[in-house]
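Analysis of the macromolecular model
Take a look at the letters that make up each chain.
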Amino acid sequence: MKRCALLVFSMAVLAIVAGCRKDETTSRDADLAGVNVAVGEKGAFSKLFVLNEGNFEKNNSTLDFFRFSDGNYVSDAFGSMNPTVVQGLGDTGNYLALLDNKLWLVMNGSGYVHVLDAKDETLLASIPVPSPRFIAFDGGHAYVTSYAGAIYGGEETKGKVYRIDLKTYNVDGEVEVGCQPEGIAISRGTIYVANSRGYNYMHERTVSVIDASAFKVTGTIGVASNLRFLVSDNNGGFWVSSYGESDWSQDADGNWIQSMSEPMCLYHVTPPTGGSSNLTVFKDVHVNCMTVSNGNIYAIGNAAEMTGGFDNTLYTISLGGATGTSVSLSKTDASRVGNPYGICVNPDNGDIYIADADYTGPGKVWCFTKDLKYKWSAVAGMLPAHMVLF
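Not measured: the values here are computed from a predicted model.

**Describing the environment of phenylalanine 56**
With respect to the secondary-structure elements, phenylalanine 56 resides in the loop between β2 (47-52) and β3 (62-67). On the basis of relative accessible area, phenylalanine 56 is assigned to the exposed category, the value being 56%. In sequence terms phenylalanine 56 and threonine 92 are 36 residues apart; their C-alpha atoms lie 5.7 Å from each other. Sequence-distant contacts of phenylalanine 56, defined by excluding residues within four places in its chain, comprise Asp91 and Thr92.

Laid out in C-alpha cells, this is it:
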C-alpha cells in the first residue's frame, strides 16, 4: 500500500514538473500558425521580427515574424496577440530594436515608442515621444531621436533626444540637437546623433555630440549633407550614412528634373585626436539601408545612382574601417528583390534577410545565404523595413 501511494505521489510530482516545463518553454504565440515558407531549422535564434512601416497616416503598421523551428511566417502578430489594442501598432513604424528580450518599436506617425515582450509580442508599455525616429541604449536608459513636432514648413524646428528610464518606461530627460535628427549611437559614454534637416532642401551636415552622464550637448562634428543611419564602431568612433544631395532644374516644358550633385555615401569618424575628429569617406558605398553583424556593416544601395541607372549592390565593410567588398545583386539570386528597404544578417550562419517594399501593396521578405543563394521568401505587410533576430 505504501509503495502504491509513493508511486502515485511520484507520478503526480512528475506531472506537475512536466506541466511547469511546458509552461516555461511554450510561448503564448505558439498557436499562430502563419504560412509555411521554409523547412524548419535549428539555430541560435527562434524568430526574425519584421516591422512593416505602413503608409503615412494610414495607421497600417504591423509586426510580423518568421519562426525558425517550423519555417512559418506569421503576419500581424501584434494584432493577434493584442486584440484589445483598438488602433493596433499605429502609424509609420520607423525603427525596431531588441534589448533584454523586449522589442522596442519606434512609431513615428503615432508619436509613441511601444515596448513588447519578444517571447509573445504582448504590449508592455506605450511611451509618448513626439515624432520619434531612432533608438539606442546605454546603461539604464533608452535614447530616442525626435523631430520634436517639426512639420514641412517648420523645417527650422530643432530636434531633440529623449531619455527613457528602462525600469519605469518614463521619459526622464531631453536635450535639443539639430533639425530633424535621425540615427543615434552610443560609444564610451558619448552619444552621437545624425542631424538631417530633411524638411528643407538645404540639409544639415552635422553630428551632435552629447555627454551621456551629463546629458548635455558638448559640440558638433561636420560630416556631410542629409545624414541618416548612424552606428558605433565599438572603438569610440562612429559610422554615418548620407542620403546625398540633389539639384533640381526645369526643362523647356517646365518639368522639374532631379540630378544628384552629391552621392549617397558612408563616412567613418574616428575619435578626436589633437582636437579634431578624423573623417574617412567611402564614396563608392551607396546606402539605402544598412545593419551591423559580426563586426561588419552590411549596406545595400544603388551603385549607378549618379548616372541615373539602377544597380542594387550589397556592400560589406568591417567596423574597423578596412576596405570592404561589393556585389551587384543583379548577378545573384537577389536580383529578384525589387526595392531593398531593409537588411538584417544572421550572425549564426551568415544568412541575409532583405525587406522588399512595393509602396502600392504588400511587400516581401527574402532570405538568401551569405553567398546570395535563394532560401525562401514571404509576403509581408505594407513597406517592410526593420528587422531584428530573437
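**So, the pairing of β2**
The buried fraction of β2 is high, at six of six residues. Note that β2 and strand β31 (residues 384-389) share five bridges and pair antiparallel. Of the residues in β31, the one forming a bridge with valine 50 is methionine 387.

**Overview of the sheet that holds strand β28 (residues 352-356)**
Read across the sheet, four strands follow the order β27-β28-β29-β30 without closing on themselves; strand pairing throughout is antiparallel. Sheet topology places β27 (340-345) and β30 (374-382) at the edges, where each strand pairs with a single neighbour. Each strand of the sheet is rotated relative to its neighbour by a mean of 20°, with strand direction disregarded. As paired strands, β27 and β28 are joined by five bridges and run antiparallel to one another. Of the residues in β28, the one forming a bridge with valine 345 is isoleucine 352.

**Quick look at the sheet that holds strand β5 (residues 93-99)**
If you walk across this open sheet you meet the four strands as β5-β6-β7-β8, and the pairing is antiparallel. One side of each edge strand has no neighbouring strand; the edge strands of this open sheet are β5 and β8 (123-128). Taken pair by pair, the neighbouring strands of this sheet meet at an average axis angle of 15°, ignoring direction. The sheet contact formed by β5 and strand β6 (residues 102-107) spans six bridges and is antiparallel. Considered in β6, the bridge of leucine 96 is made with leucine 105.

**A short note on the nonpolar core**
Burial of nonpolar side chains together is a common tendency in soluble globular proteins. Val161, Ile184, Ile191, Ile210, Trp239, Leu266 and Met290 are the most contacted members of the largest nonpolar core, which totals 26 residues. Those elements giving two or more residues to this core turn out to be β9 (132-138), β12 (171-179), β13 (181-187), β14 (190-195), β17 (227-232), β24 (296-302) and β25 (312-318). In contact with valine 161, other than residues within four places in its own chain, are Tyr143, Val144, Thr145, Gly173, Glu174, Val175, Val177, Ile184, Val193, Ile210 and Phe215.

How each quantity is defined
Residues numbered from 1 in each chain as written. Predicted model: local features only at pLDDT ≥ 70, side-chain atom pairs only at ≥ 80, totals over all residues. Heavy atoms only, no water. Helix = DSSP H or I, 4+ residues; strand = E, 2+ residues; numbered from the N terminus. Buried < 20%, exposed > 50% of the residue type's maximum accessible area, 1.4 Å probe, protein only. Contact = heavy atoms within 4.5 Å. Pairing = 2+ DSSP bridges. Axes fitted to C-alpha atoms, helices over the stretch in contact; angles between N-to-C directions. Core = buried A, V, L, I, M, F, W, Y, C linked by side-chain atoms within 4.5 Å.

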